[in-house]
Amino acid sequence: MLKKRIIPCLDIKDGRTVKGINFVDIKDAGDPIELAKNYVEQGADELVFLDITATIENRSTLIELVQRIAKEINIPFTVGGGINSVEDVAKLIEAGADKVSVNSSAVKRPELITEISNQFGSQCVVVAIDTKCINEEWKVFVQGGRTLTPLKTVEWAKQVEQLGAGEILLTSMNNDGTKAGFAIDITNEVSAAVNIPVIASGGAGSKEHFKNVFEQTQATGGLAASIFHYGEIPIPDLKEYLKEQKLAIR
Amino acid sequence: MIAIIKYNAGNISSVQNALSRLGYQSIITDDADEILRAEKVIFPGVGEASSAMKYLIEKKLDQTILSIKKPMLGICLGQQLMCEYSEEGNTTCLGIFNTQVKKFPNTAIVPHMGWNNFTAINGVLFKGLENTNDVYFVHSYYADINEQTTAVCDYIQPFSAAIQKGNFYATQFHPEKSADIGEQILKNFLEL
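Residues numbered from 1 in each chain as written. Chains lettered and ligands numbered in written order. Predicted model: local features only at pLDDT ≥ 70, side-chain atom pairs only at ≥ 80, totals over all residues. Heavy atoms only, no water.

Caption draft 1: Just the overall build of chain B, in detail. Within chain B, the secondary structure is distributed over 6 helices and 13 strands. Here chain B has a C-alpha radius of gyration of 15 Å; the compact-globule value for 192 residues is 16 Å, and the two agree. If one aligns the C-alpha atoms of chain B with their principal axes, the spans along those axes are about 45 × 40 × 25 Å. For chain B, the proportion of its 192 residues judged to be buried stands at 59%. Of all intrachain contacts in chain B linking residues separated by at least 6 positions in sequence, the fraction that spans at least 24 positions is 68%. (Helix = DSSP H or I, 4+ residues; strand = E, 2+ residues; numbered from the N terminus. Rg over C-alpha atoms; globule rule 2.2 N^0.38 Å. Buried < 20%, exposed > 50% of the residue type's maximum accessible area, 1.4 Å probe, protein only. Contact = heavy atoms within 4.5 Å.)

Listed below in structure tokens is the structure:
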């Protein structure tokens, strides 16, 4: 049976991980490679690296980092942040990224999804959607959640599938950082509306939250950052718990 | 030396990285002599069947592949191109394995993406492993089961997770992205 994926996300700035971590066996907490290797050993199913600087001058630092990750890591990983063109994607794929994620640039120019999909295959295009519920309506935000767009979340999700996205990474801004659980309602709506994998993100604070999102929606993966970074929920404990709950887990 | 066949498909450097982690040197090449001289050949790939096949024919790599006598391992699109025919782009493929490649019906999420378990029927590639193992898949097309199938995976319906005919081996999943299990499978192939 296809397993539900547990996906830690690492925020990268100038080639270093941004958030601190307290794993005892990591020598350099800021080194994305050390952290990533630790996650792989713990049983993470995939990794996401999000470059939050993504300025032109830091681009080559990111490429070098991706090359190092690809050499060291034996599970799939996605790289996102600041991708505006097929050329940007080509550099990351060449450096060894398995998938890239696009967000604001895809909203600005939706054809980008098709261009990447045509050249590298839909399996490598993750469309990240940041969403927030305003007046009982889920809308799409861009620019790191700073800018509201007129797009309705479910409609945009269907559109990106049509355009050639291979996967959707859905982050609820209402839930992100709250540790109160994933946004079950919108995750359910989006995952029911499309036929591509949906990864739920934002709000994970306990093992039960992963159980809930996997049982109550069709999301095939759950992504989180801080609870893994700070060792609040060790991945082996989480996976053991989910297996006990009869969920399909590697 | 291990040769990794260079063509218009992605995921090639991932295979080279995996081989280096196992301590094996490799070259990425589309040169017939280099491919035929290599002790082992890997035919990886993520991409689209018809454009990949067209490229192989243009570069005469189809003939080179068919004349390989040393062990060759096809991965993902590599496995699909080693079959007779693919529904993807209505493509006549290399015809090493006498089976067909079909698109998954839209009755579940497609692509089949993530970790799934295969059951090994036989085959030296799975030496030292349990009978059932989780490995990483990402594909929308699958090869039907035939008498050459060496491992089966079930997603929507059972399909060939691995196939072997003589010196030609193939997996639909990505051993280079399948953590320790994948490394063991690659190691088994490299030690043939």
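Don't stop here, the text continues.
Caption draft 2: The environment of isoleucine 145 of chain B, seen in detail. Residue and element names in this part refer to chain B. Summarising the element assignment, isoleucine 145 is placed in the loop between strand E10 (141-143) and strand E11 (149-155). As a C-alpha pair, isoleucine 145 and alanine 162 span 17 residues in sequence and 9.3 Å in three-dimensional space. Once residues lying within four places of it in the same chain are set aside, the contact partners of isoleucine 145 are Val152, Pro158, Phe159 and Ser160.

Caption draft 3: Geometry of empty space enclosed by the protein. All names here are of chain A. Considering all chains together, one arrives at 1 cavity of 30 Å³ or more under this definition. Here the largest cavity is characterised by a volume of approximately 30 Å³. Lining the largest cavity we find Glu46, Val48, Thr78, Lys99, Val126, Glu167, Leu169 and Ile199. (1 Å grid on protein atoms, 1.4 Å probe; cavity = no way out; pocket = protein on both sides within 12 Å on 5 of 7 lines; lining within 4 Å. Points joined across faces, edges and corners; volume = space filled by probe spheres on them.)

Caption draft 4: The arrangement of the interface of chain B and chain A in detail. On the chain A side, the residues contacting the 27 residues of chain B number 29 residues. Across the interface of chain B and chain A, roughly 2300 Å² is buried in total on both sides, 52% from carbon and sulfur atoms. Summed over the shared surface of chain B and chain A, the result is 2 salt bridges. Run the count over chain B and chain A and you get 19 residue pairs in polar contact (both at pLDDT 80 or more). Ranked by residue count, the leading element in the side of chain B that touches chain A is strand E8 (residues 112-120) of chain B, at 6 residues. Looking at the side of chain B that touches chain A, its residues break down into 11 nonpolar, 10 polar and 6 charged. (Buried area = accessible area lost by both parts, 1.4 Å probe. Salt bridge = Lys/Arg side-chain N within 4 Å of Asp/Glu carboxyl O. Polar contact = N/O pair within 3.5 Å; in protein donor to acceptor, adjacent residues only side chain to side chain. Nonpolar A, V, L, I, M, F, W, Y, C, P; charged D, E, K, R; others polar.)

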